Structure formats: structure tokens, C-alpha cells
Amino acid sequence: AQTVTQSQPEMSVQEAETVTLSCTYDTSENNYYLFWYKQPPSRQMILVIRQEAYKQQNATENRFSVNFQKAAKSFSLKISDSQLGDTAMYFCAPANYGGSQGNLIFGKGTKLSVKP
Amino acid sequence: EAGVAQSPRYKIIEKRQSVAFWCNPISGHATLYWYQQILGQGPKLLIQFQNNGVVDDSQLPKDRFSAERLKGVDSTLKIQPAKLEDSAVYLCASSSGHPENIQYFGAGTRLSVL
């Protein structure tokens, strides 16, 4: 069974600074995707960034980028120029797509607070 | 484009009562998911539909939980009878599948069982 570990339950960062959230996972699959979702107090899960495991190039989405180390099964999220609106729970989630699955396996999350 | 719609937003019931949640996915999305998110944890998949067929319900407590997706569009998740440990947020998500493989989530229903 897949497991996801987010070792930082809570983190804080000053506005405009950079922060990195860590995630490690365990899977025996070869064909999978990795996602970071954010969940603000409104509860809605919002996609932050997506990485296809077969791609070596790290995904980037504006201020958000990942450091994907496939051999180490590590998938960290870097947020640059942090903004107050980035305050939320952040979840790392791999998903298998080798068969007809595709359901996300979520970690316990990291609570990020951006301070003014 | 409209997002995933869920109702109600909040529900409070007493244990042993029944409750139902409704989800309307993004138009054209064939895959629909129901997740349970207990306070302080990440969401856990309960059931996955592909059109109106069940793909994965291995983590659905079938003695009390049921779900259906009529005509491959809207879906309903039911709990009967509810237990205290069912208190959680119930999230619905939908996906168009390959090649995008992104799940889009609704705002969820917060259930409190007293």
C-alpha cells in the first residue's frame, strides 16, 4: 500500500520570503503522478502543482515549484515570494495511473502560516 | 466553467440517524470520487465511479455507507445509521481522466454526529 509522509506538521514564513515543504512517499508503481493541493479554511481543495513521474524536469507554476527526486521518492514544494493568501493546509498526494485507478493518497498535511 | 457542487455545506445529526450528501461534478467529467476527511488528517478515498460504474469501493464501510451515481452524472453518498466516528468533512471530486489526470474538488459537507 502507498504511504505518504509530510514530516512538518506546521510551518511559518514571513511575507515575501521563500519556504519549502517536504514530502516523501512509498510506491511500487512506475506510472504515477504527484500533486500538491492547498486547503484554506474554506475547506475546498485547490490544485497547486502537478508532476508526472516519468518526466525528469521539475514542474513550475508561477511562484510554486517542486524538487522531484524519483529514486529517493521525495517531492518537495517550494513557495517563493510568499503571500498572505498562501496561508493554508498543504497536502502532498501521489496517484497511480497504471490501471483504471487514479485515486489520490494524501499525507497528513502541513499547516503553513504566512506572517505579515 | 462551473466547478464541483456539493450540498449541504453543513449537517448536524444524532447518532443512529441517516444522512445523505449530494454531488454534481464538472460537466463532462466521467470519473467521480468521494473522500472522507477526519479533522487533522488528509482525505481518504471512500469510493470511485467511472461513469455510473464503481471502480474502487474497497475503503467504503458497506454496512452503513452506500453511494450511487445515477446516469453517470450526479452522485449521492448515504450513511445509515450514523456513528460518532463518522463526523468528518465529505469531499466530492471529479476528473476528466487522461491526459490531464487532475481531480477538481467541491467545497465539501461538514458532518457532525452528536
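Rules of the game
Residues numbered from 1 in each chain as written. Chains lettered and ligands numbered in written order. Predicted model: local features only at pLDDT ≥ 70, side-chain atom pairs only at ≥ 80, totals over all residues. Heavy atoms only, no water. Disulfide = S-S within 2.5 Å. Helix = DSSP H or I, 4+ residues; strand = E, 2+ residues; numbered from the N terminus. Buried < 20%, exposed > 50% of the residue type's maximum accessible area, 1.4 Å probe, protein only. Contact = heavy atoms within 4.5 Å. Buried area = accessible area lost by both parts, 1.4 Å probe. Polar contact = N/O pair within 3.5 Å; in protein donor to acceptor, adjacent residues only side chain to side chain. Nonpolar A, V, L, I, M, F, W, Y, C, P; charged D, E, K, R; others polar.

A. Structural detail: the state of the cysteines. By the definition in use, this model includes two disulfides over all chains. Put simply, Cys23 of chain A and Cys92 of chain A are joined by a disulfide, and their sulfur atoms are 2.0 Å apart. With the S-S dihedral at roughly -65°, the linkage between Cys23 of chain A and Cys92 of chain A falls on the left-handed side. With Cys23 of chain A in the loop between strand 3 (19–21) and strand 4 (24–26) and Cys92 of chain A in strand 10 (residues 88–96), this residue pair connects regions lying 69 residues apart in the sequence. Residue classification places Cys23 of chain A among the buried residues on the basis of a relative accessible area of 1%. A relative accessible area of 0% means that Cys92 of chain A is categorised as buried. One disulfide in the model links Cys23 of chain B with Cys92 of chain B; its S-S distance is 1.9 Å. Measuring the twist about the S-S bond at about -70°, one finds the Cys23 of chain B-Cys92 of chain B disulfide to be left-handed. A residue pair is termed long-range when its members are at least 10 positions apart, and Cys23 of chain B in strand 3 (residues 19–24) and Cys92 of chain B in strand 9 (residues 88–95) qualify at 69 residues.

B. View of the interface of chain A and chain B. Between chain A and chain B, the contact holds 20 residues from the first and 27 residues from the second. Interface of chain A and chain B: buried area, both sides summed, is about 1900 Å²; carbon and sulfur atoms make up 46% of it. Here chain A and chain B share eight residue pairs in polar contact (both at pLDDT 80 or more) between them. Broken down by secondary-structure element, the contributors of at least two residues to the side of chain A that touches chain B are strand 5 (32–39) and strand 6 (46–52) of chain A. The dominant element in the side of chain A that touches chain B, judged by the number of residues it contributes, is strand 5 of chain A, at four residues. Of the residues belonging to the side of chain A that touches chain B, the class tally is nine nonpolar, eight polar and three charged.

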